[in-house]
Amino acid sequence: DFDVTAVYANIVQLDRDITAAQESVNALTESRRVISQMLDEGKVARVDLLKVDTRLADVQDSAIEFRNAREIEAGQFNALLGRPVDTPVALESDLPPPSTQPSLEQVSGLAHAGNLKSQMAKAELSVAKRSVSVAKSAQKPLLSLAVDATGQSTDPFNIYKGGVTGGVVFSFPVFDRTLTYQVQEAKSRELERMADLKQVELDSAQRSRSAYLQVKNSEERIRASEASIGYAREALRIEQEKQRYGRGIIENLLDAQAALLTSEARYYRALADYTTANAAVTRETGL
């Protein structure tokens, strides 16, 4: 579940990155058209057009990388679902927005009680303890009674000689080296399982804490990048208007366009990280 969720989040992010890159390509193409007209009219230098072309090529290259990465993630997603890797992957929903999460103390408690690896380690320790009890029981004194009846005859229906024998067997194997070794081996396994459980609990607590902090970090990044996108779009709009009226500087226009694409990429990355971290909390706590 965690792997599928993480890969799905990456696919959503890459889809949004592709869309943002294409919007940037469209904006730069329009800016190039305007700069070309102004160049024909002698209002700008040719270097301005070259700067736009350079930026346009960079964004187109990024879009190609996003598409290639998307194909790789889609193949991995199909493999996780057990279907041919070239099956088209169409997304049916966006990533979920941030939601209320339990506190760090609650997450730590759930990780201690509900983590699957911790439960398995506890079960293995319980088996080891029972093995010690079984091994010790074999060393206890044992008193047994044995009875045997016998009969002899050439005729199976006419027994002419018979008898009953019996006896008492008392076993005291406390000094049996084999049994002593078995007890020691069982105790060694018990200590090993106890150490394993302690380590599993520590690892689970650390992973759940890290996942929780990643959730909170992603939420803050989502809020910050949302505001940044709004500012970047407005800055780009202003620079585009200034450029149309011949009052803008090409570097400012390109910087504004780059800032918008960067803000959008950060926003989609934060959404993907939030979804993955949330799935990690679920994995560690058993929620």
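Whatever comes next refers back to the structure up there.
Residues numbered from 1 in each chain as written. Predicted model: local features only at pLDDT ≥ 70, side-chain atom pairs only at ≥ 80, totals over all residues. Heavy atoms only, no water.

**Q** Explanation requested: the overall build of the protein in the structure shown.
**A** Looking only at helices and strands, the protein features six helices and two strands. For the protein, the α and β elements follow one another from N to C terminus as α-α-α-α-β-β-α-α. When burial is assessed residue by residue, the protein has 33% of its 287 residues classed as buried. In the protein, the share of contacts with a sequence separation of at least 24, taken over all contacts with a separation of at least 6, comes to 76%. Of the roughly 17700 Å² that the protein leaves accessible, carbon and sulfur atoms contribute 55%. (Helix = DSSP H or I, 4+ residues; strand = E, 2+ residues; numbered from the N terminus. Buried < 20%, exposed > 50% of the residue type's maximum accessible area, 1.4 Å probe, protein only. Contact = heavy atoms within 4.5 Å. Areas by Shrake-Rupley, 256 points an atom, 1.4 Å probe, with all protein chains shown as cover.)

**Q** Please explain the side chain of Ser218 as it appears in this structure.
**A** Looking at the element boundaries, Ser218 is found in helix H5 (residues 177-244). The contacts of Ser218, once residues within four sequence positions are left out, are Ala270, Asp273 and Tyr274.

**Q** Got a minute to help me understand the pattern of salt bridges in this structure?
**A** Oppositely charged side chains may form a pair once their charged atoms are brought near each other. The tally for this structure, following the rule as stated, stands at 17 salt bridges. Between Arg70 and Asp15 there is a salt bridge; the shortest N-O distance is 2.8 Å. Of this pair, Arg70 sits in helix H2 (residues 46-81) while Asp15 sits in helix H1 (residues 2-40), and the two are 55 residues apart along the sequence. Taking the relative accessible area as the measure of exposure, Arg70 reaches 12% and is therefore buried. The salt bridge partner of Glu192 is Arg193, with a shortest N-O separation of 3.8 Å. The class of Arg193 is partly exposed, set by a relative accessible area of 24%. One network of salt bridges, with partners in common, ties together Glu192, Arg193 and Asp196. (Salt bridge = Lys/Arg side-chain N within 4 Å of Asp/Glu carboxyl O.)

**Q** Looking at this model, I keep getting lost on the nonpolar core. Mind explaining?
**A** One broad rule of soluble globular proteins: the nonpolar side chains tend to lie buried together. Formed by 35 residues in total, the largest nonpolar core has its most connected members in Ile35, Val59, Ile222, Ile250 and Tyr267. Those elements giving two or more residues to this core turn out to be H1, H2, H5 and helix H6 (250-285). Grouped together as the second largest cluster of nonpolar side chains are five residues, Val7, Ile11, Ala74 and Val89 included. (Core = buried A, V, L, I, M, F, W, Y, C linked by side-chain atoms within 4.5 Å.)

**Q** Whenever I open this one, H2 confuses me. Can you help?
**A** Along an α-helix, a turn takes 3.6 residues, which lines up residues three or four apart on a common side. For H2, built from 36 residues, the straight-helix expectation of 52 Å at 1.5 Å per residue is met to within 8% by its first-to-last C-alpha distance of 53 Å. Looking one or two residues past H2, Gly82 carries a phi angle of roughly 75°, positive in sign. (Expected span 1.5 Å × (residues − 1).)

**Q** Even after reading the chapter, I still don't get the packing of H1 against H5, so can you show me in this structure?
**A** Each pair of packed helices can be described by the angle between their axes along with the distance between the axes. Orientation of H1 relative to H5, taken along the N-to-C sense of each, is 20°, at an axis distance of 10 Å. The angle between H1 and H5 falls in the class roughly parallel. Remark: the crossing between H1 and H5 carries left-handed chirality. Between H1 and H5, the contacting residues are Ala27, Glu30, Val34, Ile35 and Met38 on the first element and Gln240, Gln243 and Arg244 on the second. Here the contact of H1 with H5 is composed, by residue class, of four nonpolar, two polar and two charged. (Axes fitted to C-alpha atoms, helices over the stretch in contact; angles between N-to-C directions. Parallel < 35°, antiparallel > 145°, perpendicular 65-115°, else oblique. Left-handed = near helix turned anticlockwise from the far one by under 90°. Nonpolar A, V, L, I, M, F, W, Y, C, P; charged D, E, K, R; others polar.)

**Q** Even after reading the chapter, I still don't get the environment of Lys136, so can you show me in this structure?
**A** Its place among the elements puts Lys136 in helix H4 (residues 116-137). Classification of Lys136 by relative accessible area gives partly exposed; the value is 40%. It is 9.5 Å that separates the C-alpha atoms of Lys136 and Gln184, two residues lying 48 residues apart in sequence. Setting aside anything within four residues of it in sequence, one finds Lys136 in contact with Val183 and Lys187.

**Q** Before we go on, may I ask you to explain empty space enclosed by the protein in this structure?
**A** Over the atoms a probe the size of a water molecule is rolled, and this reveals where empty space is left. Within the structure shown, the criterion is met by one cavity of 30 Å³ or more. In this model, the largest cavity occupies a volume close to 60 Å³. Around the largest cavity sit Glu30, Ser31, Val34, Gln240, Gln243, Arg244 and Leu253, which together line it. Of all the secondary-structure elements, those providing two or more residues to the lining of the largest cavity are H1 and H5. Taken together, the residues of the lining of the largest cavity sort by class into two nonpolar, three polar and two charged. (1 Å grid on protein atoms, 1.4 Å probe; cavity = no way out; pocket = protein on both sides within 12 Å on 5 of 7 lines; lining within 4 Å. Points joined across faces, edges and corners; volume = space filled by probe spheres on them.)

**Q** Mind showing me how you'd approach the packing of aromatic side chains here?
**A** The description of two aromatic rings rests on the distance between their centres and on the angle between their planes. Following the criterion strictly, the structure yields two aromatic pairs and no others. Their ring planes at 50° and their centres at 6.0 Å tell us that Tyr8 and Phe77 sit as a pair that is tilted. Of this pair, Tyr8 sits in helix H1 while Phe77 is found in helix H2, placing the two residues 69 residues apart along the sequence. With a relative accessible area of 8%, Phe77 lands in the buried category. One Lys or Arg, Arg283, reaches over the ring of Phe2 and ends 4.1 Å from the middle of that ring. (Phe/Tyr/Trp six-rings, centres within 6.5 Å; stacked < 30°, edge-to-face > 60°. Lys NZ or Arg CZ within 6 Å of the ring centre and 35° of its normal.)

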